[in-house]
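# Residue-level structural notes
Spelled out from the first residue to the last, the chains are:
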Number of protein chains: 2
Amino acid sequence: MSRYPGTEHEGRIAPDRLHAAVQAIFEACGMLRADAALLAETLVAADLRGVHSHGVLRVPEYVAKLRHHGVDPQGRPLVVSDQGAALVIDGHNSMGQIASFYAMAKAINRARTVNVAAAAVRGSNHCGAMFYYAMQALPEDMIGIAMTNALPTMAPWGGKDKIVGINPLAVAIPTGEEPPIVLDAAFSYSSHGKIRIYHQKGHPIPSNWAFDSEGQPTTETERAIHGLLQPIGEYKGVGLAIVFGLLSSMLSGAAFGTELGNMIDGPQAGQDGHLFLALRVAGFEDPARFKERTDAAVRQIRESRPIQEGTPLYAPGGLEHELAQAYTAEGIPLNDVTWQGLDDAARELGLPAIA
Amino acid sequence: MSRYPGTEHEGRIAPDRLHAAVQAIFEACGMLRADAALLAETLVAADLRGVHSHGVLRVPEYVAKLRHHGVDPQGRPLVVSDQGAALVIDGHNSMGQIASFYAMAKAINRARTVNVAAAAVRGSNHCGAMFYYAMQALPEDMIGIAMTNALPTMAPWGGKDKIVGINPLAVAIPTGEEPPIVLDAAFSYSSHGKIRIYHQKGHPIPSNWAFDSEGQPTTETERAIHGLLQPIGEYKGVGLAIVFGLLSSMLSGAAFGTELGNMIDGPQAGQDGHLFLALRVAGFEDPARFKERTDAAVRQIRESRPIQEGTPLYAPGGLEHELAQAYTAEGIPLNDVTWQGLDDAARELGLPAIA
């Protein structure tokens, strides 16, 4: 989790109201009711967990994909190859969320019998936050792993050509009484979206977020936007991005890196790739013992000493879990830009305003 | 790959001579001939690829494990659970290399029929560099993934208790004509071994390598040695270390984090855990097409523009591949400390000196 600078006007909305409004928008774009509901659910789930960068902020962009940029509102993902623990899914140019949910469900189903399964996806599109698919595995007492290819925004280490995506990875691990362990991280320090927010506010960015177009670290948002994202851990982070990007695209025959498109023209519709794995705990270990031990690991982190007294410490996903509980009770805070985007999308589609 | 500061006296040795000498040392420790040969092979392979931190430098430490610290020189790993694509291996307190090679071989064998397989290991010990096991998958046109639990050297983000290991991950991806794509990275910026080398030489360390024992960044090696390693990418790197550590230990019932031991007393013998996955490319995609595309990805990186003209750019594992070719031809360079360790081990065991 990361924080944004400054405070801003926020309006709160109950998750189910937000869900209904966003579903209506996607139905008005021609999506089937169940698909629109699922897509809305993935976005609201991101906002609930405080991952606003992948929440309903994305609605205008997704409406544009569906109405103007060639994504098929009624695209139907299908299994095109099924061999043992290995599945290949063609998203058939559906919204990435539709293809990804379907693929993870297929991997989970296969893991019910063979304990480990992998579903490689091609023919997909931007699929939002990866944690959602990794977490699909949790109610089944399975570990979920989700990864995706992304538009290139980084250079190989020592280079200055934008040919590597930040290619996020999510891992969800079942617990018993404690919040599930859920990591969702891209291999860059920051993101274009975050740098744009700093740009709007006139804040400089930390020196480890971006390189200018010549590969030199910069704190100027203008140079950063036209430059490169910095990986975490220098050559390690780029290396991780490269291998997880290859896994996300090459097993299914999806586009990789620059084949997918670029940050100026955007992605080519229906070329994206992802990879989902499900590992059934009971195939390896007694699930009760497993969850007792993961609970203990979460507690050990929470009860360890913070640098600054009073700072709460979290296992991966712990803070997001707390936010989801709070926002379920108190409503989801959305900023002005997000509200405006929702209102504009509703108006464009002839729907009533949400607020 | 990372570089060490300064130059030092180096002696070169042919890989097969080094292998024979190291094998003899481990045989003299009571290992079976084939096991000693495999253990020597993994260490020489690390030196060949320039990963000297995990090469024959480790011989004295491994001799101590075998002779004084309770690792069973003749421990035999065995499959204790075999369910579909999921295997659990008990290393039976063998050297970690023996258990790991066996486990990856079993995962590969299972992936021949079901295309994806995972082997979780318990009852193991330090297993050296992870790339070796990931690369076992390559001749089979499989993707290999290898990860391990490690002694805790990091704190949760915002904390100062040493409860998280750097828990390295290796991924090997087949190519056709280009060097295989091989990533092997721990989730810390640096390592205790590297900081000790800077300490010996009186060099300060970069400010992103370590925290002091209060969780503050330090460039002083003395404080760093008694402090904490810094993760790559702040909370992201710690999160990655936590989830890959959990995957490496909890599926097999191995010790996790502080259960394994600490950096002062060392690990408890026979408690370590690892996880190995094999994904058979042909289960998903035509291997010829896959390898054409991974070749193209490697070439795209190599042919992209460096920041400083003339600097070669590599896909993960490319530099290591070049070093292995050079060292095979010209001999492996070993520094004085490593030579001394080998000589001391040979002498302790009544063997002739190596040089």
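With that settled, the discussion passes to the relation of the copies chain A and chain B. Of the transformation placing chain A onto chain B, the axial shift is 0.0 Å and the rotation is 180°, giving an RMSD of 0.0 Å. As the rotation angle and translation indicate, the two copies are arranged about a two-fold axis. By residue overlap, the copies meet face to face through one surface: 100% of the interface positions of chain A are interface positions in chain B.

To continue, consider the interface of chain A and chain B. Taken together, the contact pairs 78 residues of chain A with 78 residues of chain B. At the boundary of chain A with chain B, the tally comes to four salt bridges. Between D161(A) and R305(B) there is a salt bridge, and its shortest N-O distance comes to 2.6 Å. The interface formed by chain A and chain B contains 23 residue pairs in polar contact (both at pLDDT 80 or more).

A word on helix α8 (residues 235–250) of chain B. Compared with an ideal rise of 1.5 Å per residue, which puts 16 residues at 22 Å, α8(B) spans 22 Å between its outermost C-alpha atoms and is within 8% of the ideal. Buried residues dominate α8(B), accounting for 15 of its 16 residues.

The geometry of an aromatic ring pair comes down to the distance between the two centres and the angle between the two planes. Residues and elements named next belong to chain A. Inspection of the entire model under this criterion finds ten aromatic pairs over all chains. Arranged with centres 5.7 Å apart and planes meeting at 75°, the rings of Y132 and Y133 form a pair that is edge-to-face. There is no split in this pair, since Y132 and Y133 are both buried. With 5.7 Å between their ring centres and 70° between their planes, Y133 and F276 make a pair best called edge-to-face. Of this pair, Y133 sits in helix α5 (residues 131–136) while F276 sits in strand β15 (residues 272–280), and the two are 143 residues apart along the sequence. F276 shares its class with Y133; the two are buried. Following the ring pairs from residue to residue traces out a cluster consisting of Y132, Y133 and F276.

With that settled, the discussion passes to the environment of A329(A). With respect to the helices and strands, A329(A) occurs in helix α10 (residues 318–330). Along the chain, A329(A) and P15(A) lie 314 residues apart, while their C-alpha atoms are 9.2 Å from each other.

Attention now goes to unusual backbone geometry. Unusually for a residue other than glycine, E234(A) sits at a positive phi of about 50°. The residue E234(A) is located in the loop between β12 (228–229) and α8 (235–250) in this model. The backbone of N115(B) sits at a positive phi, close to 80°, despite the residue not being glycine. In this structure, N115(B) sits in the loop between α4 (96–114) and β4 (116–124). Taking relative accessible area as the criterion, N115(B) reaches 2% and is therefore assigned buried.

Turning our attention to the pattern of salt bridges. For the structure on display, the rule yields 40 salt bridges over all chains. Notably, a salt bridge pairs R12(B) with E330(B), separated by 3.8 Å at the nearest N-O pair. Remark: E330(B) occurs in helix α10 (residues 318–330) and R12(B) occurs in strand β1 (residues 10–13); sequence separation between them is 318 residues. The partner of E178(B) in a salt bridge is R299(B), with the nearest N and O atoms 2.9 Å apart. Taken as a pair, E178(B) in the loop between β8 (169–173) and β9 (181–185) and R299(B) in helix α9 (residues 287–302) lie far apart in primary sequence, 121 residues in all. Residue R299(B) is classed as partly exposed on the basis of its relative accessible area of 26%. Each of E177(A), E178(A), D295(A), R299(A) and R302(A) takes part in one network of salt bridges that share partners.

This brings us to the domain arrangement of chain A. Accessible area lost when the parts come together is the quantity often used to give the size of an interface. Residues and elements named next belong to chain A. Along its sequence, chain A is carved into domain 1 (11–70 + 320–348) and domain 2 (78–287). Using C-alpha coordinates to define each centre, domain 1 is positioned 20 Å away from domain 2. Across the contact, 18 residues belong to domain 1 and 18 residues belong to domain 2. Broken down residue by residue, the surface that domain 1 buries against domain 2 is led by L38, R49 and K65, which jointly contribute 30%. The tally of links from domain 1 across to domain 2 stands at zero salt bridges.

Attention now goes to the sheet that holds strand β11 (residues 217–218) of chain B. Strand pairs in the sheet, formed through backbone hydrogen bonds, run parallel or antiparallel to each other. All names here are of chain B. Taking strand neighbours across the sheet as the criterion, the three strands line up as β11-β10-β12 in an open arrangement whose pairing is antiparallel. Edge strands, defined here as strands with exactly one partner in the open sheet, are β11 and β12 (228–229). By the bridge criterion, two bridges tie strand β10 (residues 210–211) to β12 in an arrangement that is antiparallel. Among the inter-strand pairings, A210 is bridged to a residue of β12, identified as L229.

Residues and elements named next belong to chain A. At a closest axis distance of 9 Å, the pairing of helix α2 (residues 33–48) and helix α4 (residues 96–114) adopts a crossing angle of 90°. As judged from the angle between their axes, α2 and α4 are roughly perpendicular. On the side of α2, the interface is formed by D35, L38, L39 and T42, while α4 contributes Q97, I98 and F101. When grouped by side-chain class, the residues that make up the contact of α2 with α4 number four nonpolar, two polar and one charged.

Conventions we followed
- Residues numbered from 1 in each chain as written.
- Chains lettered and ligands numbered in written order.
- Predicted model: local features only at pLDDT ≥ 70, side-chain atom pairs only at ≥ 80, totals over all residues.
- Heavy atoms only, no water.
- Least-squares fit on C-alpha atoms with pLDDT ≥ 70 in both.
- Contact = heavy atoms within 4.5 Å.
- Salt bridge = Lys/Arg side-chain N within 4 Å of Asp/Glu carboxyl O.
- Polar contact = N/O pair within 3.5 Å; in protein donor to acceptor, adjacent residues only side chain to side chain.
- Helix = DSSP H or I, 4+ residues; strand = E, 2+ residues; numbered from the N terminus.
- Expected span 1.5 Å × (residues − 1).
- Buried < 20%, exposed > 50% of the residue type's maximum accessible area, 1.4 Å probe, protein only.
- Phe/Tyr/Trp six-rings, centres within 6.5 Å; stacked < 30°, edge-to-face > 60°.
- Domains from an automatic or database assignment.
- Buried area = accessible area lost by both parts, 1.4 Å probe.
- Pairing = 2+ DSSP bridges.
- Axes fitted to C-alpha atoms, helices over the stretch in contact; angles between N-to-C directions.
- Parallel < 35°, antiparallel > 145°, perpendicular 65-115°, else oblique.
- Nonpolar A, V, L, I, M, F, W, Y, C, P; charged D, E, K, R; others polar.

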